[in-house]
Amino acid sequence: MGVSVVDSSVAGLGGCPYAKGAGGNVSTEDVVYMLHGLGIETGVDLSKVIEAGEFICQALNRPTSSKVAQATSKSKPSLSTSD
């Protein structure tokens, strides 16, 4: 007994076009990160999921809704300030 399947979407892409204000789905990256943090083995390589999310978001020209992907992004905005 227990949960054996969790539905999610890479980069949180998707959602219902008929539900006004529907922001999308829960991101696979965030779910896998949470499960790993709880000590639950998933067999999922989180870095590969993040890489897949970056690829599809770039192809669709859409930002990811994954908080984990945003926090670990290689293309973080510059923190420098100009005087």
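It should be noted that the structure appears before, not after, this text.
Residues numbered from 1 in each chain as written. Predicted model: local features only at pLDDT ≥ 70, side-chain atom pairs only at ≥ 80, totals over all residues. Heavy atoms only, no water.

**Q** How should the overall build of the protein chain be read in this particular structure?
**A** Along the protein chain, the regular secondary structure elements total 3 helices and 0 strands. Taken from the N to the C terminus, the helices and strands of the protein chain come in the order α-α-α. Out of the 83 residues in the protein chain, the part that is buried amounts to 23%. Residue pairs in contact within the protein chain that sit at least 24 positions apart in sequence constitute 38% of those at least 6 positions apart. Counting only carbon and sulfur atoms, one obtains 57% of the accessible surface of the protein chain, whose full area is about 6,500 Å². (Helix = DSSP H or I, 4+ residues; strand = E, 2+ residues; numbered from the N terminus. Buried < 20%, exposed > 50% of the residue type's maximum accessible area, 1.4 Å probe, protein only. Contact = heavy atoms within 4.5 Å. Areas by Shrake-Rupley, 256 points an atom, 1.4 Å probe, with all protein chains shown as cover.)

**Q** I'm lost on the layout of surface pockets in this one. Help?
**A** Any empty space left between the atoms is revealed when a probe the size of a water molecule rolls over them. What the second largest pocket holds in volume is close to 160 Å³. As for the second largest pocket, its lining consists of Val3, Ser4, Val6, Ser8, Val31, Val32, Leu35, Ile40, Glu41 and Thr42. Residue composition of the lining of the second largest pocket, by class: 6 nonpolar, 3 polar and 1 charged. (1 Å grid on protein atoms, 1.4 Å probe; cavity = no way out; pocket = protein on both sides within 12 Å on 5 of 7 lines; lining within 4 Å. Points joined across faces, edges and corners; volume = space filled by probe spheres on them. Nonpolar A, V, L, I, M, F, W, Y, C, P; charged D, E, K, R; others polar.)

**Q** So what exactly am I meant to see when it comes to the packing of helix α1 (residues 28-37) against helix α2 (residues 46-60) here?
**A** The relative placement of two packed helices is expressed as an angle between their axes plus a distance between the axes. As a packed pair, α1 and α2 sit with axes 9 Å apart at the nearest point and diverge in direction by 165°. Of the possible angle classes, the one that applies to α1 and α2 is roughly antiparallel. In terms of crossing hand, the pair formed by α1 and α2 is left-handed. Across the interface between the two elements, Thr28, Glu29, Val32 and Tyr33 from α1 touch Leu46, Val49, Ile50 and Gly53 from α2. Grouping the constituent residues of the contact of α1 with α2 by class yields 5 nonpolar, 2 polar and 1 charged. (Axes fitted to C-alpha atoms, helices over the stretch in contact; angles between N-to-C directions. Parallel < 35°, antiparallel > 145°, perpendicular 65-115°, else oblique. Left-handed = near helix turned anticlockwise from the far one by under 90°.)

**Q** Any chance you could explain the environment of Asp7 here in plain terms?
**A** Summarising the element assignment, Asp7 is placed in the segment before α1. Taking the C-alpha atoms as reference points, Asp7 and Ser27, 20 residues apart in sequence, are found 9.2 Å from one another.

**Q** Please clarify how a nonpolar patch on the surface should be interpreted in this entry.
**A** A cluster of nonpolar side chains, namely Met34, Leu38 and Ile40, defines an oily patch on the protein surface of about 300 Å² accessible area. Mapped onto the elements, Ile40 comes out in the loop between α1 and α2. (Patch = residues over 30% accessible without salt bridge, like charges linked within 9 Å, V, L, I, M, F, W, Y side chains within 5 Å. Salt bridge = Lys/Arg side-chain N within 4 Å of Asp/Glu carboxyl O.)

**Q** When you look at unusual backbone geometry in this model, what are you seeing that I'm missing?
**A** The phi torsion at Ala11 lies on the positive side, around 65°, for a residue other than glycine. Checked against the element boundaries, Ala11 lands in the segment before α1. Unlike most non-glycine residues, Asn61 shows phi in positive territory, near 55°. Relative to the assigned elements, Asn61 resides in the loop between α2 and α3 (67-72).

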